[in-house]
Structure formats: C-alpha cells, structure tokens
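# Tertiary structure, described
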Amino acid sequence: MAPAPLTAREISLVRAGLAVVEPHAADLTVYFYTILFARYPQVRELFPDNMDGQRDRLLRGLLRIVDLVDDPENLVRFCTLLGRDHRKFGALEAHYPAVGECLLASLARYAGAAWTPDVEAAWTRAYTTAARVMILAAADDTRLRPATWAAQIVRHQHRGHGIAEITVQPDAPYSYEAGQYVSLQTPWHRKAWRQYSPANAPRADSTLTFHIRAVPGGRVSNALVHRAAVGDIVTLGPPQGGMTLAAAGDRDLVCVAGGTGLAPIRALLEEAARSDMRRYVDLFVGARTAEELYGLDDMLRMAQRHYWLSVRAAVSHQHIPGREGTLPQVLREFGPWGQHEAFLCGPPGMVTAAAQILRNDGVPAARIHHDPLSDPVLTAPLAPSRHQPESEQL
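Per an unreviewed UniProt entry, the recorded name for the protein chain is nitric oxide dioxygenase, and the organism is Streptomyces flavidovirens.

### A few points about the confidence of the model for the protein chain
Confidence along the protein chain averages 87 in pLDDT terms, with 90% of residues attaining 70 or more. Low pLDDT, under 50, characterises residues 384–394; the predicted model gives this stretch 17 contacts beyond four residues in sequence or across chains.

### Let's talk about the packing of aromatic side chains
A full pass over the atoms with the stated rule returns 11 aromatic pairs. Ring centres of Tyr280 and Tyr307 lie 6.0 Å apart, and the angle between their planes is 80 degrees; on these two criteria the pair is classed as edge-to-face. Of this pair, Tyr280 sits in the loop between helix H8 (262–274) and strand S8 (281–287) while Tyr307 sits in the loop between helix H9 (296–305) and strand S9 (309–315); the two residues are 27 residues apart in sequence, bridging distant segments of the chain. Ring plane angle 85 degrees and centroid distance 5.8 Å describe the contact between Phe284 and Trp337, whose orientation is recorded as edge-to-face. Highlighted residues: Phe284 in strand S8 and Trp337 in the loop between helix H10 (327–333) and strand S10 (341–345), separated in sequence by 53 residues. Since its relative accessible area comes to 0%, Phe284 is described here as buried.

### Structural notes on the environment of Arg84
For Arg84, the location among the structural elements is in helix H4 (residues 72–86). Between the alpha carbons of Arg84 and Ala137 there is a distance of 5.9 Å; along the sequence they are 53 residues apart. Those residues in contact with Arg84 that sit more than four places away from it in its chain are Ala137 and Asp141.

### Describing the sheet that holds strand S2 (residues 163–170)
Here six strands make up an open sheet; going across it, the order is S4-S3-S6-S1-S2-S5 and the pairing antiparallel. Pairing within the sheet leaves two strands with one partner each, and these edge strands are strand S4 (193–196) and strand S5 (208–213). Pairs of neighbouring strands in the sheet enclose a mean axial angle of 40 degrees, with direction left out of account. Of the strand pairs in this sheet, strand S1 (residues 149–160) and strand S6 (residues 233–240) are connected by four bridges, and their pairing is antiparallel. Directly across from Ala151, in S6, lies its bridge partner Val234.

### Observations regarding the sheet that holds strand S11 (residues 368–370)
Paired through backbone hydrogen bonds, the strands of a sheet run either parallel or antiparallel to each other. Judged by pairing direction, the sheet is parallel, and its five strands sit side by side in the order S9-S8-S7-S10-S11 without closing on themselves. Two strands bound the open sheet, and with one partner strand each, they are S9 and S11. Ignoring which end each strand starts from, the neighbouring axes of this sheet average 15 degrees apart. When S10 meets S11, the two strands line up parallel, connected through three bridges. Note that in S11 the partner of Ala342 across the bridge is Ile368.

### A closer look at helix H7 (residues 219–227)
Residues of H7 that are buried: Val220, Ser221, Ala223, Leu224 and Val225. If you follow the buried residues of H7, they end up packed against S1, S2, strand S3 (181–185), S4, S5 and S6.

### Here we look at the pattern of salt bridges
Applying the stated rule across the entire model yields 18 salt bridges. Arg39 is the partner of Glu101 in a salt bridge, and the nearest nitrogen-oxygen pair spans 2.8 Å. One end of the pair, Glu101, is in helix H5 (residues 95–111); the other, Arg39, is in helix H2 (residues 25–39), with 62 residues separating them in the sequence. Overall, Arg39 belongs to the partly exposed group, its relative accessible area being 41%. One salt bridge connects Arg367 with Glu341, and the closest N-O pair in it is separated by 3.8 Å. In this pair, Arg367 sits in the loop between helix H11 (348–360) and S11 while Glu341 sits in strand S10, placing the two residues 26 residues apart along the sequence. Given a relative accessible area of 14%, Arg367 falls into the buried group. Note on Glu341: relative accessible area 1%, which makes it buried. Through salt bridges with shared partners, one network takes in Arg87, Asp141 and Arg145.

### Examining the packing of H2 against helix H3 (residues 52–67)
Running from amino to carboxyl end, H2 crosses H3 at an angle of 110 degrees, the nearest separation of the two axes being 10 Å. In terms of their interaxial angle, H2 and H3 are classed as roughly perpendicular. Remark: the crossing between H2 and H3 carries right-handed chirality. Seen from H2, the contacting residues are Ala25, Thr29, Val30, Phe32 and Tyr33; seen from H3, they are Gln54, Arg55, Leu58 and Leu59. Here the residues of the contact of H2 with H3 are counted per class, giving six nonpolar, two polar and one charged.

### Observations concerning empty space enclosed by the protein
Applying the stated rule across the entire model yields two cavities of 30 Å³ or more. Around the largest cavity, the lining is made up of 29 residues, and of these Leu58, His86, Tyr96, Val99 and Met134 lie nearest the centre. For the lining of the largest cavity, the elements supplying multiple residues, two or more each, are H2, H3, H4, H5 and helix H6 (117–142). With seven residues, the single largest contributor to the lining of the largest cavity is H3. Of the residues that constitute the lining of the largest cavity, the class distribution is 24 nonpolar, four polar and one charged. Of the voids in this model, the second largest cavity is the one considered here, and its volume is about 50 Å³. Forming the walls of the second largest cavity are Leu18, Val21, Glu22, Ala25, Leu28, Leu59, Leu62, Leu63 and Leu107. Listing elements by their share of the lining of the second largest cavity, those giving two or more residues are helix H1 (8–21), H2 and H3. It is H3 that provides the largest number of residues to the lining of the second largest cavity, a total of three residues. The class makeup of the residues in the lining of the second largest cavity is eight nonpolar, no polar and one charged.

What counts and how
Residues numbered from 1 in each chain as written. Predicted model: local features only at pLDDT ≥ 70, side-chain atom pairs only at ≥ 80, totals over all residues. Heavy atoms only, no water. pLDDT = per-residue confidence, 0-100. Contact = heavy atoms within 4.5 Å. Phe/Tyr/Trp six-rings, centres within 6.5 Å; stacked < 30°, edge-to-face > 60°. Helix = DSSP H or I, 4+ residues; strand = E, 2+ residues; numbered from the N terminus. Buried < 20%, exposed > 50% of the residue type's maximum accessible area, 1.4 Å probe, protein only. Pairing = 2+ DSSP bridges. Axes fitted to C-alpha atoms, helices over the stretch in contact; angles between N-to-C directions. Salt bridge = Lys/Arg side-chain N within 4 Å of Asp/Glu carboxyl O. Parallel < 35°, antiparallel > 145°, perpendicular 65-115°, else oblique. Left-handed = near helix turned anticlockwise from the far one by under 90°. Nonpolar A, V, L, I, M, F, W, Y, C, P; charged D, E, K, R; others polar. 1 Å grid on protein atoms, 1.4 Å probe; cavity = no way out; pocket = protein on both sides within 12 Å on 5 of 7 lines; lining within 4 Å. Points joined across faces, edges and corners; volume = space filled by probe spheres on them.

Here's what the structure looks like:
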C-alpha cells in the first residue's frame, strides 16, 4: 500500500526548504554524492564514472518531486517510473535509506538556520513517501520482467553521415510496442545509459534494429557507431514511452521525422501495415541536405505498397528540386491537421516547432505524441494536472 499523501502544511514546509537551498543547488549535489560515497562506498558502483550528468539528474528529479507534492496521483506515477527505471542501475531497497540520510544531511547543511525541526520532519516524510512508492514499483516490476537484458550485436552496417544500423539479439524474449524507446548501455562506458528507439515493430525472434547517429562528444553513440562490432554484447533496459498506435484511436495520422527520428516512425508504420490499418498516414521526412535524407527510399517503397501512406521530404540547407525549408515550415503548407493524430520524432527544436504548428492548426495537445525531449524518465508526460488546463500542456 502506498503511503498517505503529505498534508498542506508539510507541502508548504518542503517547498520553503527547497526555496532556501535552490541557489546552492550545484554545491548541494556535489556535497550529497561526496558524503554518500564516503559513508556508503558500496553504492558507488551504481553510478557512472563521469558524475556531471548524474548530479544534474538528481537535481531535476528532486525538483520534479517537489513540484508534484500537492498532486498525489502524478507523484505516484512519477516515482513509479523512477523505481522501475532504477532497477537497471542495480538499485536495491537497502540503498534508499542511505540516499535519504545523505540527502537530508545535504539539505540541512545548505539550508542553515532555515532547517528547523518542522522542515526536517516534512522533508523526511516527503522522501519516505517517494522512496516507498519507488520500492513498491521496483518490487512489482521484478515479478514481471528482468531488470536488464544482455543483447549480442548480430549485424552492424554503416549507412553514411555518421549513422550505423545495428541489430541486436537479446538473451531472453523482449516485449515492447512499436514506437517505444529502449535504454542501452555499452561495455565501454559503465553505467552510461542512452535511449534509442527500435526501427522495427516487434519480431518473433525478439531482435531489435537501431539507427544510431554518432553525436559530437557523445561517448555512447560514437562507441556504438565506430567501435562496436558483430559479436559485442550490449545491455538493454526495459522499454518505455507511450508513443504507440494504441494512443491514436481511429484517426488519420500525420508523422514528422527528422534524421534518425525516423526510426520509431518507421516502426509504427511497420506495425500499421502488419495490422492492415484502414487509416491514412501523411509522413514528412526532413534533413539539412538531400544526402542526409536518411531512410527516405525505404519509406517511398513502403508508400508504393500501401495506398494509405503518403511521403513528403524536405531539406533546409540545400537548393534542390522539390520542397525546401525546415520540416515545421513544410508541415504548415499542408493539412488541415485538426482531425489527425500526430507523431513527432527528431531534434528537440524541430519537435517543439512542429508541435506548435499543429496546435495552431487545431490539434489538441493530447493528440500530439512525442518522446520526452530530455531525460525520458525525469520528463515523461504524466496525467493532466488539476492546476493546468489541457490546452497549456505540450
């Protein structure tokens, strides 16, 4: 059973405490991990070698929990996501008290005189509540599936422009829905997880194909594109995300894909074809130049086989016959889209701009689907808040 929600006074005290320490957030997170690893060295192995991103992740997670303390339903949803996700790091129930002890000690240090017994009691309740939900979620998830899957690379093909097509074979059945994304860890960067979307609908043999672009400075993506080879073993976390056909009802679809963002869209279209879908789909594929229009030929061949699929391409940094401009600009020329369900995937700026154009064209925010634009677990969409009208939500 989940713990009881915080009282109004406890909520006020938690937020007041955070307001005091927030100007010192960077120092607080450094101090937290310093004392955590000093007091409980066995916990260090749960974290990546490079802690810069992890410190930011702690702060953002903490801020979101505090933001949701007066919204019990979504607080439980968020902490459930965290609890399930933490399984892949090796987190155990025994680790939560250690983290709570060091977190409260860090808050007390930087709150100073503002850290009264009442504030400490409220924060203790808040952490205990969140941790309990995470522990219960992890326990439930343990009964359903493994924490991770070992997956062997069985195919590795370079597709040009720093993109590799990589197919892996998990060591056990791997269930997911087309359009979801998967956390992936390489053997070369311990505890560094990155999210990639399979470019295929589920297969009987559980193999998954990823389209991965080597990002400048991206340790994981560069390792997968330039270092990985057939026979190497990577680790998969559980599938996540709600950008699936189940979310679309019976409406026609408009899909917008930039770069390797075509991968989950391709999986969705493969699933649609397999299910003999009777809806129409307008697909917009974009890139900077014609040479970078990754996967366009495959989509055009699919359109020849399926009457319900229309494909349009656009480039933004090259003068060629056909459509020129960014994907959002080209999207605006067509439509109307007010009766459609929308699926967007690509660079965050493109997704944000396309979503705005669709909303301006009358598509409700609830019918515009895309993966979180930063850390998936920390920014995953939740249920509409009672404090925020649906029209204001992205």
